[in-house]
Amino acid sequence: MTESNTLKFDAEHIWHPYSSAANPSCIHEVVSAKGVRLTLKDGRELIDGMASWWSTIHGYNHPRLNQAAKDQIDQMSHVMFGGLTHRPAIDLASQLIDMTAEPLQHVFFADSGSISVEVAIKMAIQYFFAQGQENKQRLLTIRGGYHGDSFGAMAVCDPVNGMHTMFEQVLPKHLFAPMPTCENDEDWQDSDIAEFRELIKNNHQQLAAVILEPLVQGAGGMRFYCPEYLRQVRALCDQYDVLLILDEIATAFGRAGTLFAYEQADIVPDILCVGKAITGGYMSLAATLCTEKVSQGIAADGSGVLMHGPTFMANPLACSVANESLTMLLESDWQTQVQNIENQLFEELMPLQTNELVKQVRVKGAIGVIELNKTFDEQMDWLPTFIVDQGVWIRPFRNLVYIMPPYIISKGDLTTLTTAMGKVVQKLSTVL
Ligand SMILES: *Cc1c(COP(=O)(O)O)cnc(C)c1O
């Protein structure tokens, strides 16, 4: 293959996330990345506002993460986890247990976020099965959520924005409460939880768990909601003997301003999913943590085994990089970094609120969102070209122009990103 026809080959043969084989969208080839910059094949450099989907918190090509990977490669890249264990997994489990709330004591290493959600759902169902409550197999969630693309996860994604229509016949039917509307605790109104309360009250005999993204709904719509809602959910789960699964795959490791979003509500989940930033964006790894109550509860019945075990479970290479990434995070002053990003996003994005096309500007931690009051066609080829021409990498979707940059981004680079976001909104307001 010659250097000039790689994109043609890509368009003809390779699927990208949510892409069409017949009508592939405009795509750019990246040859390297360092810090917050991606280098394209034509030599252009882009400031990355996406952190490769929440993951690259320390920036690309970090010497310490590179070293951790190289050191581990020289020991072993992989070994099966059935019947064997290794130091990288033990150290990572220990770090995760130390970082998270005290009751979370047992770790399952999954190979992606979606799979960590599948495992969380299995844990909840097996927990009640082991107590002889075989009827507790359904889930309750809120609309607007995103939990992954595999079947179990898809079934708790938003039924409208998610993929329910096409797969309706094969997806389990779960229960959906309305999206929370309160943005902060001062505005809390009991009506916000009323329908959720009715659903859990009327269905708890069938419910194994509630599953939610705490405080930040990511790919389902980039919405934020108040901690009080979570406190209410926790209390209702306790009252009706339903487990609480928190999906922190996007929010864990500081993104929303605290190490874990649940800390802001001062609650503890029974089961916690983490992923995305865990390896600092180096490779795919996720984990499902649970309390002793859940792990011992599952073990109480018959063989007591948790029914999951992927081939690449606890891959040593991924675990080693994750160990280094989490060590770096805890050594760094990430709170100040995230706080500074939040302040700057607030200052630089809020003025866009006056644009007629803008419905709302929202900022939380290192997440900045501009929601438009019109949906645009993501396939418009000029859009990615227009964005790349600003020297940035952002990826607007549906009616959202948003960023969640690496924590290490400089003030100047962040201004370049927010300026580009403003230009995208300007440009969209001339075509929509
Ligand atoms: C990305 C994401 C997932 C899915 O993770 P994958 O690694 O893409 O499978 C699940 N839940 C949330 C909240 C996410 O942001």
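The structure contained in this document is the topic of the report that follows. (Residues numbered from 1 in each chain as written. Predicted model: local features only at pLDDT ≥ 70, side-chain atom pairs only at ≥ 80, totals over all residues. Heavy atoms only, no water.)

**A word on the sheet that holds strand β16 (residues 400-403)**
Working step 1: A sheet is described by the order of its strands in space; here three strands give the open sequence β13-β14-β16, paired in antiparallel fashion. The two strands at the open ends of the sheet, each matched to only one other strand, are β13 (358-364) and β16. In this sheet, adjacent strand axes meet at a mean angle of 10 degrees when their direction is disregarded.
Working step 2: With four bridges joining them, strand β14 (residues 367-372) and β16 adopt antiparallel strand pairing. Bridge assignment links Val-369 to a residue of β16, and that residue is Tyr-402.
Working step 3: Of the strands in this sheet, β13, β14 and β16 touch helix α14 (residues 411-431), which is tilted by about 175 degrees from β16. (Pairing = 2+ DSSP bridges. Helix = DSSP H or I, 4+ residues; strand = E, 2+ residues; numbered from the N terminus. Axes fitted to C-alpha atoms, helices over the stretch in contact; angles between N-to-C directions. Contact = heavy atoms within 4.5 Å.)

**Observations regarding the side chain of Thr-6**
Working step 1: Mapped onto the elements, Thr-6 comes out in helix α1 (residues 6-13).
Working step 2: Overall, the relative accessible area of 18% leaves Thr-6 in the buried class.
Working step 3: Of the polar contacts made by the side chain of Thr-6, one reaches the side chain of Lys-41; its length is 2.8 Å.
Working step 4: Ignoring anything within four residues of it in the chain, the contact list for Thr-6 reads Met-1, Glu-29 and Lys-41. (Buried < 20%, exposed > 50% of the residue type's maximum accessible area, 1.4 Å probe, protein only. Polar contact = N/O pair within 3.5 Å; in protein donor to acceptor, adjacent residues only side chain to side chain.)

**Some remarks on the site of the ligand**
Working step 1: Within the structure, the ligand sits among Ser-112, Gly-113, Ser-114, Tyr-146, His-147, Gly-148, Glu-213, Asp-247, Ile-249, Ala-250 and Lys-276.
Working step 2: Taking Lys-276, its side chain carries an N or O atom lying 2.6 Å from an oxygen atom of the ligand.
Working step 3: About the coverage of the ligand: the protein hides 82% of its 380 Å² of free accessible area.
Working step 4: Of the residues in the shell around the ligand, the class split is three nonpolar, five polar and three charged. (Near = heavy atom within 4 Å. Areas by Shrake-Rupley, 256 points an atom, 1.4 Å probe, with all protein chains shown as cover. Nonpolar A, V, L, I, M, F, W, Y, C, P; charged D, E, K, R; others polar.)

**Quick notes on helix α13 (residues 382-389)**
Working step 1: Looking at α13, one finds that the buried residues are Leu-383, Pro-384, Phe-386, Ile-387 and Val-388.
Working step 2: Considering only its buried residues, α13 is in contact with β2 (37-40), β3 (45-48), β15 (392-393) and α14.
Working step 3: Gly-391, located one to two residues past α13, shows a positive phi value of around 75 degrees.

**Things to note about the sheet that holds strand β7 (residues 207-212)**
Working step 1: In spatial order, the strands read β4-β12-β11-β10-β7-β5-β6; together these seven strands make up an open sheet with mixed pairing. In this open sheet, the two strands that pair with only one neighbour each are β4 (104-110) and β6 (175-177). Put simply, the sheet's adjacent strands are angled 20 degrees from each other on average, direction ignored.
Working step 2: Note: β4 against strand β12 (residues 286-291), six bridges, orientation antiparallel.

**A closer look at the pattern of salt bridges**
Pairing between side chains of opposite charge can happen when the charged atoms of each approach one another.
Working step 1: Counted according to the given criterion, the structure contains 17 salt bridges.
Working step 2: The salt bridge involving Asp-91 is made with Arg-87; its shortest N-O contact spans 2.8 Å. A residue pair is termed a helical-turn pair when its members lie 3 or 4 positions apart in one helix, as Asp-91 and Arg-87 do in helix α4 (residues 87-99) at four residues.
Working step 3: Among the salt bridges present, the one from Lys-359 reaches Glu-371, with a minimum N-O distance of 3.4 Å. With Lys-359 in strand β13 and Glu-371 in strand β14, the pair connects residues that are twelve residues apart, well separated along the chain.
Working step 4: In this structure Glu-371 comes out as buried when scored by relative accessible area, which is 11%. (Salt bridge = Lys/Arg side-chain N within 4 Å of Asp/Glu carboxyl O.)

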